[in-house]
Amino acid sequence: MQYAYTDAELERLYPRQKGYTLQRYKGLGEMNPQQLWETTMDPMRRSLIRGDRGRGRGRAAVIVLMGDQVEKRKQYIADHADFNRQDTFAAKEGRDGD
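Let us look at the structure shown here. Here the structure is a predicted model, which means the values were calculated and not measured.

## Here we look at the overall build of the protein
Turning to step 1, where the next piece is worked out: Each helix and strand counted, the protein has 5 helices and 0 strands in total.
Turning to step 2, where the next piece is worked out: Helices and strands appear in the protein in the N-to-C order α-α-α-α-α.
Turning to step 3, where the next piece is worked out: A sequence separation of at least 24 residues applies to 37% of the contacts in the protein between residues at least 6 apart.
Turning to step 4, where the next piece is worked out: Accessible area for the protein stands at about 8900 Å²; split by element, carbon and sulfur atoms hold 50% of it.

Right, here's the structure in full:
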């Protein structure tokens, strides 16, 4: 099983192919336990992104991130998230990922 986190990544994995199953989830509660582990909980694969309130932007950020306006949320994440940062959570917690 392969996971694509963006439409561009999906196109790269399956260029103009048919015959694959595409699943999208609105929240973590919709995933089965194995998929949740593979995509979110496994320290060797997950991406942790620290949220920084900044000065005076905290309330507005929460409203955007928790609100029902999907496009604003997507834009906020695209503008503020650094998806290229290495996950060091397990190392900081003294775990090796097993």
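## Topic: the environment of N32
Turning to step 1, where the next piece is worked out: Take N32: it is sitting in the loop between helix 1 (7-13) and helix 2 (33-41).
Turning to step 2, where the next piece is worked out: The exposure class of N32 is partly exposed, given its relative accessible area of 37%.
Turning to step 3, where the next piece is worked out: Looking at N32, its side chain comes within polar contact range of the main-chain nitrogen of Q35, at 2.8 Å.

## Here we look at the pattern of salt bridges
Turning to step 1, where the next piece is worked out: A complete count under the given rule lists 2 salt bridges for this structure.
Turning to step 2, where the next piece is worked out: A salt bridge links E9 to R12; the shortest N-O distance between them is 3.9 Å. Here the residue E9 and the residue R12 both occupy positions in helix 1, the gap between them amounting to 3 residues, near one helical turn.
Turning to step 3, where the next piece is worked out: Taking the relative accessible area as the measure of exposure, E9 reaches 22% and is therefore partly exposed.
Turning to step 4, where the next piece is worked out: The exposed category is assigned to R12, whose relative accessible area is 58%.
Turning to step 5, where the next piece is worked out: With a shortest N-O distance of 3.5 Å, D42 and R45 are connected by a salt bridge.

## Some remarks on a nonpolar patch on the surface
Turning to step 1, where the next piece is worked out: A surface patch of nonpolar side chains, about 570 Å² in accessible area, is lined by I49, V62, L65, M66, I77 and F83.
Turning to step 2, where the next piece is worked out: When residues of the nonpolar patch are assigned to their parent elements, the largest contribution, 3 residues, is made by helix 3 (residues 58-66).
Turning to step 3, where the next piece is worked out: In this fold, V62 is placed in helix 3.

## A closer look at the environment of M1
Turning to step 1, where the next piece is worked out: Among the structural elements, M1 can be located in the segment before helix 1.
Turning to step 2, where the next piece is worked out: Along the chain, M1 and E38 lie 37 residues apart, while their C-alpha atoms are 10.0 Å from each other.
Turning to step 3, where the next piece is worked out: Not counting chain neighbours up to four residues away, the residues in contact with M1 comprise Q35 and E38.

The rules behind each value
- Residues numbered from 1 in each chain as written.
- Predicted model: local features only at pLDDT ≥ 70, side-chain atom pairs only at ≥ 80, totals over all residues.
- Heavy atoms only, no water.
- Helix = DSSP H or I, 4+ residues; strand = E, 2+ residues; numbered from the N terminus.
- Contact = heavy atoms within 4.5 Å.
- Areas by Shrake-Rupley, 256 points an atom, 1.4 Å probe, with all protein chains shown as cover.
- Buried < 20%, exposed > 50% of the residue type's maximum accessible area, 1.4 Å probe, protein only.
- Polar contact = N/O pair within 3.5 Å; in protein donor to acceptor, adjacent residues only side chain to side chain.
- Salt bridge = Lys/Arg side-chain N within 4 Å of Asp/Glu carboxyl O.
- Patch = residues over 30% accessible without salt bridge, like charges linked within 9 Å, V, L, I, M, F, W, Y side chains within 5 Å.

These results come straight from atomic positions and should not be treated as a statement about function.
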